[in-house]
Amino acid sequence: MRRSLILVVAVMFILNITAIFFVGHRKAPTPSQQPTIGGMSRIPPEKEKPKVEPVKPPQRALPDFVQIQKHRQSEEGTVYGDIISHSKGKPFGDQGGRGTNAHETTHGINSEIRNAHTNQGKKINGFYVLEGRGVVLEEPKIKMEHAKKFVPKNLQSYRWDLYLVKQLRDWNDTPTYICDEWVAYINGGACDVDDVKKGKHKGGWTDGVSGCCDFTIYTIALCMATKELDPDYWKNYKQFRNFVVWEMRFAQKIFLEGRVMKEFKWDKQDKLLLEFLESPEAEAMRKFVREELDGVWLDINPADIKKTSFMLLVPEYTESRIDREIVLGLNITHHRARL
Ligand SMILES: [Zn+2]
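Okay, so let's go over this structure. Predicted model only: the values in this text are computed from it and were never measured.

**As for the overall build of the chain**
The secondary structure content of the chain amounts to 12 helices and 7 strands. A buried classification covers 48% of the 339 residues belonging to the chain. In the chain, the proportion of contacts linking residues at least 24 apart, taken out of those at least 6 apart, comes to 68%. Counting every atom, the chain has about 19,200 Å² of accessible surface; 56% of that belongs to carbon and sulfur.

**Remarks on the sheet that holds strand S3 (residues 66-67)**
Strand pairing in a sheet is mediated by backbone hydrogen bonds. Such pairs are either parallel or antiparallel. With antiparallel pairing, the 3 strands of this open sheet are ordered in space as S3-S5-S4. The open sheet has two free edges, formed respectively by S3 and strand S4 (124-128), since each of these has just one partner strand. Across the face of the sheet, helix H3 (residues 98-116) comes into contact with S4 and strand S5 (133-138) while running at roughly 135 degrees to S4. Along the sheet, helix H9 (residues 238-258) contacts S4 and S5; its crossing angle with S5, the most-contacted strand, is approximately 135 degrees.

**Overview of the nonpolar core**
Phe240, Phe243, Phe276 and Trp297 are the most contacted members of the largest nonpolar core, which has 78 residues in total. Leave out the neighbours within four places in its chain, and Trp297 touches Cys212, Cys213, Thr216, Met248, Ala251, Gln252, Phe255, Leu273, Phe276 and Leu277.

**Digging into the packing of H3 against helix H6 (residues 177-197)**
Two numbers describe how H3 lies on H6: the axes approach to 8 Å, and their chain directions differ by 140 degrees. One finds that H3 runs oblique with respect to H6. Here H3 runs over H6; the crossing is right-handed. Within the contact between the two elements, H3 uses Arg98, Gly99, Ala102, His103, Thr106, His107, Asn110 and Arg114 and H6 uses Asp180, Glu181, Val183, Ala184, Tyr185, Asn187, Gly188, Cys191, Asp192 and Asp195. Grouping the amino acids of the contact of H3 with H6 by side-chain chemistry returns 5 nonpolar, 7 polar and 6 charged.

**Here's the deal with H3**
Taking 1.5 Å of rise per residue, 19 residues should cover 27 Å, and H3 covers 26 Å from first to last C-alpha, within 8% of that figure. Of all 19 residues that make up H3, 14 are buried, and the element is covered over most of its length.

**Focus: the pairing of S4**
With respect to burial, S4 is a largely interior element, 5 of its 5 residues being buried. Here S4 shows two buried faces, one formed by Ile124, Gly126 and Tyr128 and the other by Asn125 and Phe127. With 5 bridges connecting them, S4 and S5 associate as antiparallel partners. Considered in S5, the bridge of Ile124 is made with Glu138.

**Observations regarding the side chain of Asp195**
Mapped onto the elements of the fold, Asp195 is located in helix H6. The residues contacting Asp195, other than those within four sequence positions of it, are Tyr80, Arg98, Lys200 and His201.

**Observations regarding unusual backbone geometry**
The backbone of Leu130 shows a phi angle near 75 degrees, a positive value even though the residue is not glycine. Tracing the backbone through its elements, the reader meets Leu130 in the loop between S4 and S5. Of note in this structure, Glu131 is not a glycine but carries a positive phi near 55 degrees. Assignment of secondary structure puts Glu131 in the loop between S4 and S5.

About the cut-offs
- Throughout this document, residue positions are counted from 1 along each chain, in the order its sequence is written.
- Note on the predicted model: pLDDT of at least 70 is required for a residue's local features to be given, and 80 or more for side-chain atom pairs to be given and counted; whole-chain, interface and lining totals, by contrast, use all residues.
- For side-chain calculations, the full set of non-hydrogen atoms in the structure is used, while hydrogens and water are omitted.
- Numbered from the N terminus, helices here are DSSP runs of H or I no shorter than four residues, and strands are runs of E no shorter than two.
- Only protein chains enter the accessibility calculation, which uses a 1.4 Å probe; a residue whose area is less than 20% of its type maximum is buried, one above 50% is exposed, and one in between is partly exposed.
- Should any heavy atoms of two residues lie within 4.5 Å, those residues are counted as being in contact.
- Methods summary: accessible areas were calculated by the Shrake-Rupley approach with a probe of 1.4 Å, and residue burial reflects only the protein chains presented.
- In this analysis, strands are considered paired if DSSP registers two or more bridges between them.
- For helices, the axis comes from a line fit to the C-alpha atoms of the stretch in contact; other axes are also lines fit to C-alpha atoms, and the angle between any two N-to-C directions lies between 0 and 180 degrees.
- By nonpolar core is meant a set of buried Ala, Val, Leu, Ile, Met, Phe, Trp, Tyr and Cys residues that side-chain atoms within 4.5 Å join together.
- If an angle is under 35 degrees, it is roughly parallel; if it is over 145, roughly antiparallel; if it lies from 65 to 115, roughly perpendicular; otherwise it is oblique.
- Each crossing is labelled by how the near helix is turned from the far one, with a counterclockwise turn of less than a right angle marking it left-handed and a clockwise turn marking it right-handed.
- Note that Gly is not counted as nonpolar here; it falls among the polar residues with everything else outside the nonpolar set of Ala, Val, Leu, Ile, Met, Phe, Trp, Tyr, Cys and Pro and the charged set of Asp, Glu, Lys and Arg.
- To estimate the expected span of a helix, subtract one from its residue number and multiply by 1.5 Å.

Geometric values such as these leave the question of function open.
What follows is the structure, encoded as structure tokens:
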């Protein structure tokens, strides 16, 4: 009797130890195993980490592009070769320098794009924007001269008379002729800057990148005139606005790269940029750029421009070869810039 009592106690002891062992080693229930009440978990799940949405860069609207075929072999891997190889017609030639060739040959490709995409009834224009891409635009229903009143006197560069006075006689019915010149100057500037970087630039100083700045100003004026006089086009035809914003960004990049290169530095172009960024006369234009053109160019800090301007050499010249109207026959005199 006593022995069986001891046996019972011993068995109960062993069972108890075993029970403790198993309970102690049971895994905690996973959330899916947890009992729920009406679908709600009774035991609060581990605190979930707040979801961090990746910050997406703002979507930049692009213009629609058309593909431009290569028509000839030229240098691989340079802006110069890009432009020359996409010209169906004979390129202008290097007699005035590679940048001038890039500018003038761009005019030729622009005209080829215009002719290839002529649409019955609609007046269009075309622009070669490098890397085998063209942009086709419908013309707004305004005259080129309408852009003039939006350019204050202090933003009228040394090219004003040639393009906005003389050329206007032939191009008044084609207001985006301003963009034709703009793109030609940007491509010419891009070629010049690229050539300096790659050791291909020859022939000393030129006003190689100034057209990126003054024709950006004239293009902004064209947009202001378009909004005022053809508001439906401005509001609904986003191809124009998207093209301008996109090309303005590229013009800014080329100008800022080129303006500090000794081959292109010039107090006059910096002064024009500072007038655009700071002068009260240009406030209406800046307001338009802020509200309608994504504020491109306005992120340039005037202090940075002033800081790098004191060392400029001021070339004196009378003519430029671009567009055959003026010759880049430069008689460079070195003296301090007066900003
Ligand atoms: Zn031109």
